[in-house]
Amino acid sequence: MAAPPDTEGSSALSLELLPTDPLLLILSFLDYRDLVSCCYLNQRLNQLSSHDPLWKRHCKKYWLISEEEKNRRNQSWKAIFTSTYSDLGRYIHYYATLKKAWDDLEKYLGQWCPRMISSLKESAREEDLDAVEAQIRCKLPDDYRCSFRIHNGQKLVVPGLMGSMALSNHYRSEDLLDIDTAAGGFQQRLGLKQCLPLTFCIHTGLSQYMALESVEGRNKYEIFYQCPDQMARKPSAIVMFITGTSYLEWFTSYVNKVVTGGYPIIRDQIFRYVHDKKCVATTEDITVSVSTSFLPELSSVHPPHYFFTYRIRIEMSKDALPEKACQLDSRYWRITNAKGDVEEVQGPGVVGEFPIIGPGRVYEYTSCTTFSTTSGYMEGYYTFHCLYYKDRFFNVTIPRFHMVCPTFKVSTA
């Protein structure tokens, strides 16, 4: 009987010896870096790693390249991936997220705020961003650079891309600054050392800043509104209302709010009111809902003075009977701060008006309040009288709505 063959010392089955189809399947699970590495192992793996369908997934994942764009370029998937990587490779971990945010925003603006589309600038060049770094002697974060490779901010116009706010005697509209304007506003003064402005409002002079270094109590790449400390001995003392921990988080969270309808569009502008879906109350055929917003430019930490605005929508059901039409006579508010202190306010009408509500009709108005604490809430009711039965009066509930100041850091000065 013959002895079994001696397998000792024989080589294990090599990957490249597999049939083509299972080997291509294995390669399809590799990331682009490993796929490139396979090109250098041997001739067969080099040929199979260049199989064009393998690069389709990476083009779509990292660069959001569609079939239509591929056909327009008239290039292979691998060629598109390679050429795009040579231009934007340093941003590969940010590009898809930011490009999708910009694409979603442009699509939404095209439908709801079309005139804002024309205010967006074309992409910045890599050398433009390098020149700004040399000018300000600070490194720009890659997520910021990546966003500006897609759109170089906005022209200084109204309405601002980063949202508006309007009260009877106060108006704000923030533009997203282009890279050159931002560099011109780079701060080295006490209180704002090494801070780059991201936004600017031509009406208030307000900016949101990004800290490019961890100095003066700030974290690197933190985004904030400045708030002068009015009680400090040094005028350079700055308290921060924080709006983001990085550019990517700040920009994409804002875009998500916009495109999901979280912020209302009013007269072709984005207003940064936040609506809690639970903050709705219906009395008979009338529904009252409330959205709120914090105004950092009118607030201070020292002394404590936190300014909020709220927008109220009063709507009568379109199915209500015509004789349900009514007019608002007065309002009652119960205002409670974080310490439990209560203030009651009662008066005629709302913002000097006595609106009439009928079936399918909507009335909206904006007002404001301040707290000496970082949070508080309001609730109350409106008193209406019927137009058809003038001796009939009834109260309509205003749901309780909370207002909370964003996180802030106290000045180290």
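Residues numbered from 1 in each chain as written. Predicted model: local features only at pLDDT ≥ 70, side-chain atom pairs only at ≥ 80, totals over all residues. Heavy atoms only, no water.

1. Here we look at the sheet that holds strand 20 (residues 408–409)
Then step 1. In space, the five strands of this open sheet follow the order 4-6-7-8-20, with antiparallel pairing throughout. Strands at the two margins of the open sheet, each flanked by one partner only, are strand 4 (195–197) and strand 20.
Then step 2. Pairing geometry for strand 6 (residues 208–211) and strand 7 (residues 223–228), over three bridges, is antiparallel. Residue methionine 210 lies in a different strand from strand 7, and its bridge partner there is isoleucine 223.
Then step 3. Set on the sheet, helix 12 (residues 247–259) makes contact with strand 6, strand 7 and strand 8 (238–244); between it and strand 8 the angle comes to about 60°. (Pairing = 2+ DSSP bridges. Helix = DSSP H or I, 4+ residues; strand = E, 2+ residues; numbered from the N terminus. Contact = heavy atoms within 4.5 Å. Axes fitted to C-alpha atoms, helices over the stretch in contact; angles between N-to-C directions.)

2. Section: the environment of serine 28
Then step 1. By the element assignment, serine 28 lies in the loop between helix 1 (20–27) and helix 2 (32–38).
Then step 2. Classification of serine 28 by relative accessible area gives partly exposed; the value is 26%.
Then step 3. Serine 28 sits 29 residues away from arginine 57 along the chain, and the two C-alpha atoms are 8.5 Å apart.
Then step 4. The residues touching serine 28, leaving out its near neighbours within four places in the chain, are Leu54 and Arg57.
Then step 5. At a separation of 2.5 Å, a polar atom in the side chain of serine 28 contacts the main-chain carbonyl oxygen of leucine 25. (Buried < 20%, exposed > 50% of the residue type's maximum accessible area, 1.4 Å probe, protein only. Polar contact = N/O pair within 3.5 Å; in protein donor to acceptor, adjacent residues only side chain to side chain.)

3. Thoughts on the nonpolar core
Then step 1. If you look at the biggest cluster of nonpolar residues, it comprises 61 residues, and the most contacted ones within it are Leu140, Tyr144, Leu161, Tyr247 and Phe251.
Then step 2. Sorting elements by how many residues they give to this core places helix 7 (residues 95–112) first, with seven residues.
Then step 3. There are two domains that each give this core at least three residues, and those are domain 1 (20–90) and domain 2 (96–260).
Then step 4. Beyond its immediate sequence surroundings of up to four residues, phenylalanine 251 is in contact with Leu98, Ala101, Trp102, Leu105 and Leu176.
Then step 5. Counting residues in hydrophobic clusters, the runner-up holds 38 residues, among them Cys227, Tyr310, Ile335 and Tyr365. (Core = buried A, V, L, I, M, F, W, Y, C linked by side-chain atoms within 4.5 Å. Domains from an automatic or database assignment.)

4. Quick look at the pattern of salt bridges
A side chain with one charge can pair with a side chain of the opposite charge if their charged atoms come near.
Then step 1. Under the counting rule described, the total for this entry stands at 28 salt bridges.
Then step 2. Of the charged contacts in the structure, one is a salt bridge between lysine 121 and aspartate 178, with a shortest N-O distance of 3.1 Å. Of the two residues, lysine 121 is situated in the loop between helix 8 (114–117) and helix 9 (126–136) and aspartate 178 in the loop between strand 3 (175–176) and helix 11 (179–184); the sequence distance between them amounts to 57 residues.
Then step 3. Owing to a relative accessible area of 27%, lysine 121 belongs among the partly exposed residues under this scheme.
Then step 4. Among the salt bridges present, the one from aspartate 285 reaches lysine 324, with a minimum N-O distance of 2.8 Å. Within this pair, whereas aspartate 285 is found in the loop between strand 11 (274–283) and strand 12 (286–294), its partner lysine 324 is found in the loop between strand 13 (306–316) and strand 14 (326–337), the two being separated by 39 residues in sequence. (Salt bridge = Lys/Arg side-chain N within 4 Å of Asp/Glu carboxyl O.)

5. Looking at the UniProt feature "domain: ApaG" (unreviewed entry) in the chain
Then step 1. Within this structure's numbering, the places UniProt gives as "domain: ApaG" (unreviewed entry) are residues 280–410.
Then step 2. For residues 280–410, helix accounts for 0% and strand for 62%, while the C-alpha atoms at its two ends are 35 Å apart. (UniProt positions renumbered as here; feature names shortened; annotations may be inferred.)

6. Things to note about unusual backbone geometry
Glycine aside, the phi torsion of most residues is negative, and most peptide linkages are trans.
Then step 1. The amide bond that connects valine 158 to the next residue, proline 159, takes the cis arrangement and shows omega of 10°.
Then step 2. As for its position among the elements, proline 159 is in the loop between helix 10 (142–150) and strand 1 (164–167).
Then step 3. The residue after histidine 302, namely proline 303, is reached through a cis peptide bond having omega 0°.
Then step 4. Locating proline 303 in the fold gives a position in the loop between strand 12 and strand 13.
Then step 5. Residues other than glycine seldom take positive phi values, yet arginine 267 does so here, at roughly 50°.
Then step 6. Here arginine 267 shows up in the loop between strand 9 (265–266) and strand 10 (269–270).
Then step 7. The exposed category is assigned to arginine 267, whose relative accessible area is 63%.
Then step 8. Even without glycine at this site, valine 351 takes up a positive phi of about 45°.
Then step 9. Structurally, valine 351 is set in the loop between strand 15 (342–348) and strand 16 (356–357).
Then step 10. Take valine 351: its relative accessible area is 45%, and that puts it in the partly exposed class.

7. Observations regarding the packing of aromatic side chains
Then step 1. Applying the stated rule across the entire model yields 29 aromatic pairs.
Then step 2. An aromatic cluster of three or more residues is present, and its members are Tyr32, Trp55, Tyr62, Trp63, Phe81, Tyr85 and Tyr95. (Phe/Tyr/Trp six-rings, centres within 6.5 Å; stacked < 30°, edge-to-face > 60°.)

8. Section: helix 7
Then step 1. Compared with the 26 Å implied by 1.5 Å per residue over 18 residues, the 25 Å span of helix 7 between its first and last C-alpha is a close match.
Then step 2. Those residues of helix 7 that sit buried are Tyr95, Ala96, Leu98, Ala101, Trp102, Leu105, Tyr108 and Leu109. (Expected span 1.5 Å × (residues − 1).)

9. Quick look at the sheet that holds strand 12
Then step 1. What the four strands build is an open sheet, ordered 11-12-13-17; its pairing is antiparallel. The open sheet has two edge strands, strand 11 and strand 17 (362–371), and neither has a second partner. When strand polarity is set aside, the average angle formed by the axes of neighbouring strands in this sheet is 20°.
Then step 2. Bridging between strand 12 and strand 13 involves nine bridges; their strand directions are antiparallel.

10. With respect to the environment of tyrosine 381
Then step 1. Take tyrosine 381: it is sitting in strand 18 (residues 375–386).
Then step 2. Taking the C-alpha atoms as reference, tyrosine 381 lies 17 Å from threonine 369; in sequence the two are twelve residues apart.
Then step 3. Ignoring anything within four residues of it in the chain, the contact list for tyrosine 381 reads Ser330, Arg331, Tyr332, Gln346, Asn395, Val396, Thr397 and Ile398.

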